[in-house]
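# Summary of the model geometry
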2 protein chains.
Amino acid sequence: MLAERLQKILFAVVQSYIQRPDPVGSRYVVKKYAFSFSPATVRNIMADLEEMGFLSQPHTSAGRVPTDRGYRLYVNHLLRKRRRAEERMLRLLRARLRNLQEDLEALLQGVARELSASSYLGVAAPARASRTTLNRIELFGYRGSRVAVVLISNEGLIRHRVIRLSRPVSPADLRRLSEYLNSRFGGWAIDEIRLRLVKEMSQEKAMCDMLISRALEICGKALELPEQGVFMAGMADFLGLPDFSSRIGEIARAIEDKHLVLRLLEELGTEAQEAGSAVLIGSENPVKEMRSLSIVAAPFRQEGRMAGTVGIIGPTRMDYQRAMTMVEATAQVITETLSGKES
Amino acid sequence: MLAERLQKILFAVVQSYIQRPDPVGSRYVVKKYAFSFSPATVRNIMADLEEMGFLSQPHTSAGRVPTDRGYRLYVNHLLRKRRRAEERMLRLLRARLRNLQEDLEALLQGVARELSASSYLGVAAPARASRTTLNRIELFGYRGSRVAVVLISNEGLIRHRVIRLSRPVSPADLRRLSEYLNSRFGGWAIDEIRLRLVKEMSQEKAMCDMLISRALEICGKALELPEQGVFMAGMADFLGLPDFSSRIGEIARAIEDKHLVLRLLEELGTEAQEAGSAVLIGSENPVKEMRSLSIVAAPFRQEGRMAGTVGIIGPTRMDYQRAMTMVEATAQVITETLSGKES
DNA sequence: TCTTAGCACTCTAAGGCAAAGAGTGCTAAA
DNA sequence: TTTAGCACTCTTTGCCTTAGAGTGCTAAGA
């Protein structure tokens, strides 16, 4: 545990730097936070903090800037004494999201937009479709040998996909197939179903029953659902941030790969389980391209299960306080919405 | 018609500037294009071109830069003597897109990515769902009073939406409803169906038959499909272009509004009908925020009907030649794919 | 022993200035 | 009509200086 005075100064520097991205000097903090120390004392303390690796100097006679370790200390502190996400924000969000409850994806799109009010990047993603559980699956033949698969999960996810068969299948066969799948696999996790089907396929192949093995093939294909990736909003404000002005291309590239973002969100989401939200700061990021970004994320649940993640992506000097509150409040509202205390 | 010499110089300037966004001087063009004129002559010609509004000078002693009118002349010229989109590009695209044929949206996503190889922004959009024609509609009840609507259009578009009713409806009723809609409206344009339903609703209201009017209400809601907007790819390279370095925020904001982009694409697409592709250059853009961008777009068809649009968005000094070829070739390949000369 | 005032020092940012370079417009000759 | 030549304009670049911000160190004060 850091001496109180050290911590106080460190947090003052972090907060100042979050507000305006200029190196912050000793005089400045003393004035701004009305400390009882003199600038000289603060300078000594800052020198100590720098030695410990929490601050750094862009050049010898400039103010100090927090390092990622500095942010980390600050964030951990927030985590510990975090006040319950303010009621006001919760109420606001509830009101704003009320008319979006229709289906999960529309909801998440809206949520991303709400989160972008942080002036950073708002993101929201449903849990991987393959981890959800089957509520219902329907197959329709269409345009010759194509089959449209529509899957509804218990989590409110709807996904569709088109598959093409070598030969047409009769509508009656398709109907029978859907019914079979529904009655047999209703409530199963998509992953399990797929696993099971693969096993059965190999058995059937041995038996060489053409009809059944064909049916299984259709089912197997049907369950390879496209992952709907991540909803993002606020790109413009985010990229317009002064922090990035020199390396827009790099930053844009980092968040353009939705797969990466999705994976990070998921990981953070599971990590946050108990704490409410989790934060990944700059160089802590396993993805090299995102080392100059921070991510705040929180999972939302449905019927106890984790159903997806929301988050805010910003520069390392982002307003963690606010971001955490927003993200947690949002997650909570989504969880409420999904728990269906609806009309 | 411009004197041949004038045109030659103008095009040389345009092409140079497309390659590198620096004002181009008289000496430079003479050297680069091995003209038989001297720099002095070129200067005279350039002065003429400037007077005519095709070139401009950033400052008195700088080289010349094309104006939007200059680009327009250049593009019209390309349009006129446009060689058939090279076979090579067509073949390449066919190969690359072969395994994406599954459904329209996956295809368009891939197409956008292909187009972003231009190092500009690749965009692709299906025609408005409301303009497509109904192949099939299905309604399932789900989680209490929710109904999932799945609609398949003849154009290969699949769209789903969730609607919530004040009271649950029995599965049997829903099934009957779907069947009714399918048998009665199969092949109709979505817009027409909606129009028709509105009319009937008002009649029924007069008759006060609760059950029927309720059914009609469901149908009406069911057909208000979300528009799937635009697929984009290549954001990072696009925003990294030196042309925008100073105004990234502005540019990002301009293309963040997918509705606007969609509308522009549609308009350009219809405009291009005969010509293969259409080009909107800088200040010609009706949308103020996009006045520093150019758009090249081409429609693709299915069974004679326009089924969507693909395009490239770039800076005004974009490589129109290449963009037009790419866009046209892409549109053609999509049209081929959709016409279903498939396995 | 800890804090603070004072001061010399360092480094950047901003402004001024001159020189270099690129490109022009004009004029007069071919 | 074309082009060579030349004076002129304007930006870019580098260099220098100055102002300002902030530091680290030292020595005095509590």
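Residues numbered from 1 in each chain as written. Chains lettered and ligands numbered in written order. Predicted model: local features only at pLDDT ≥ 70, side-chain atom pairs only at ≥ 80, totals over all residues. Heavy atoms only, no water.

### Focus: the overall build of chain A
Each helix and strand in chain A was counted, giving 13 helices and 10 strands. By the compact-globule yardstick of 20 Å for 343 residues, chain A is too spread out, its C-alpha radius of gyration being 25 Å. For chain A, the spread of C-alpha atoms along the three principal axes comes to 85 × 40 × 35 Å. Here chain A holds 343 residues, and 54% of them are scored as buried. Summarising the internal contacts of chain A: among those between residues at least 6 apart in sequence, 61% fall at separations of at least 24. As displayed, chain A offers around 15,700 Å² of accessible surface, 51% of which is attributable to carbon and sulfur atoms. (Helix = DSSP H or I, 4+ residues; strand = E, 2+ residues; numbered from the N terminus. Rg over C-alpha atoms; globule rule 2.2 N^0.38 Å. Buried < 20%, exposed > 50% of the residue type's maximum accessible area, 1.4 Å probe, protein only. Contact = heavy atoms within 4.5 Å. Areas by Shrake-Rupley, 256 points an atom, 1.4 Å probe, with all protein chains shown as cover.)

### Notes on the sheet that holds strand β7 (residues 231–233) of chain B
All names here are of chain B. In spatial order, the strands read β7-β3-β10-β9-β8; together these 5 strands make up an open sheet with antiparallel pairing. The open sheet has two free edges, formed respectively by β7 and β8 (278–281), since each of these has just one partner strand. Along the sheet, successive strands turn relative to each other by an average axial angle of 20 degrees, direction set aside. Across the sheet, helix α6 (residues 104–115) lies against β3 (121–126), β7, β9 (293–302) and β10 (305–315), angled at about 160 degrees from β3, the strand it touches most. (Pairing = 2+ DSSP bridges. Axes fitted to C-alpha atoms, helices over the stretch in contact; angles between N-to-C directions.)

### Structural notes on the domain arrangement of chain A
Residue and element names in this part refer to chain A. According to the domain assignment, chain A consists of domain 1 (4–66), domain 2 (86–128 + 229–338) and domain 3 (130–222). Computed over C-alpha atoms, the centres of domain 2 and domain 3 are 34 Å apart. On the domain 3 side, the residues contacting the 8 residues of domain 2 number 10 residues. Approximately 840 Å² of surface area, both sides summed, lies buried where domain 2 meets domain 3, with 46% of it carried by carbon and sulfur atoms. (Domains from an automatic or database assignment. Buried area = accessible area lost by both parts, 1.4 Å probe.)

### Digging into the interface of chain B and chain A
Between chain B and chain A, the contact holds 40 residues from the first and 39 residues from the second. Connecting chain B to chain A are 2 salt bridges. Residues Arg253 of chain B and Asp237 of chain A are paired through a salt bridge, measuring 3.0 Å at the closest nitrogen-oxygen approach. For the interface between chain B and chain A, the tally reads 9 residue pairs in polar contact (both at pLDDT 80 or more). Mapped onto the side of chain B that touches chain A, the elements with two or more residues apiece are β4 (134–142), β5 (146–153), β6 (158–164), α10 (235–239) and α11 (248–256) of chain B. (Salt bridge = Lys/Arg side-chain N within 4 Å of Asp/Glu carboxyl O. Polar contact = N/O pair within 3.5 Å; in protein donor to acceptor, adjacent residues only side chain to side chain.)

### Here's the deal with the protein's contact with DNA strand D
The immediate surroundings of DNA strand D are formed by 21 residues, with Ser26 of chain A together with Arg5, Thr41, Thr60 and Ser61 of chain B found nearest. The protein-proximal atoms of DNA strand D, defined as those within 4 Å of the protein, are 74% sugar or phosphate. At 3.1 Å, a side-chain N or O of Arg43 of chain A approaches a base oxygen of DNA strand D. Within the contact set of DNA strand D, a base oxygen lies 2.9 Å away from a side-chain nitrogen or oxygen of Ser61 of chain B. Listing elements by their share of the surface near DNA strand D, those giving two or more residues are α3 (39–52) of chain A together with α3 (39–52) of chain B. Here the surface near DNA strand D takes 4 residues from α3 of chain B, the largest share from any one element. Looking at the surface near DNA strand D residue by residue, the class counts come to 4 nonpolar, 13 polar and 4 charged. (Near = heavy atom within 4 Å. Nonpolar A, V, L, I, M, F, W, Y, C, P; charged D, E, K, R; others polar.)

### Here's the deal with the nonpolar core
Counting 181 residues, the largest nonpolar core has Phe238 and Tyr320 of chain A together with Phe238 and Tyr320 of chain B as its most contacted members. In contact with Phe238 of chain A, not counting residues within four places along its chain, are Ser119, Tyr120, Leu121, Phe244, Ile251, Ile255, Leu293, Ile313 and Gly314 of chain A. Judged by nonpolar contacts, the second largest core, of 21 residues, contains Leu139, Leu151, Ile193 and Leu223 of chain A. (Core = buried A, V, L, I, M, F, W, Y, C linked by side-chain atoms within 4.5 Å.)

### Section: the sheet that holds strand β6 (residues 158–164) of chain A
Two strands in a sheet stick together by hydrogen bonds in their backbones, pointing the same way (parallel) or opposite ways (antiparallel). All names here are of chain A. Pairing in this open sheet of 3 strands is antiparallel, and the strands run β4-β5-β6 from one edge to the other. Lying at the two open borders of the sheet, with one neighbouring strand each, are β4 (134–142) and β6. This sheet shows a mean twist of 20 degrees between the axes of neighbouring strands, independent of strand direction. Inspection of the sheet shows β4 paired to strand β5 (residues 146–153) by 8 bridges, in the antiparallel sense. Residue Phe140 lies in a different strand from β5, and its bridge partner there is Ala148. Seen against the sheet, helix α7 (residues 171–185) touches β4 and β5 and runs at an angle of roughly 170 degrees to β4.

### Notes on the relation of the copies chain B and chain A
For the pair chain B and chain A, the superposition axis carries a translation of 0.0 Å, the fit reaches an RMSD of 0.1 Å, and the rotation angle comes to 179 degrees. Taken together, the turn and the small shift mark the pair as related by a two-fold rotation axis. Here 98% of the contact residues of chain B are again contact residues in chain A; the copies associate through an equivalent surface. (Least-squares fit on C-alpha atoms with pLDDT ≥ 70 in both.)

### Looking at the protein's contact with DNA strand C
If you check the shell around DNA strand C, you find 21 residues, and the closest are Arg5, Thr41 and Ser61 of chain A together with Ser26 and Arg64 of chain B. The share of sugar and phosphate among atoms of DNA strand C within 4 Å of the protein is 74%. In the model, a phosphate oxygen of DNA strand C is placed 2.6 Å from a nitrogen or oxygen of the Thr41 of chain A side chain. Where the surface near DNA strand C is concerned, the elements lending two or more residues are α3 of chain A together with α3 of chain B.

### Details of the pairing of β6 of chain B
All names here are of chain B. By the criterion of burial, β6 is predominantly enclosed, with 7 of the 7 residues buried. Covered by surrounding structure in β6 are Ile158, His160, Val162 and Arg164 together with Arg159, Arg161 and Ile163, the residues of both alternating faces. Where β5 and β6 come together, 7 bridges link them in antiparallel fashion. Looking across to β6, one finds that Leu151 is bridged to Arg159. Between β5 and β6, which pair antiparallel in sequence order, lie 4 residues; one of them, Gly156, sits at a positive phi of approximately 95 degrees.

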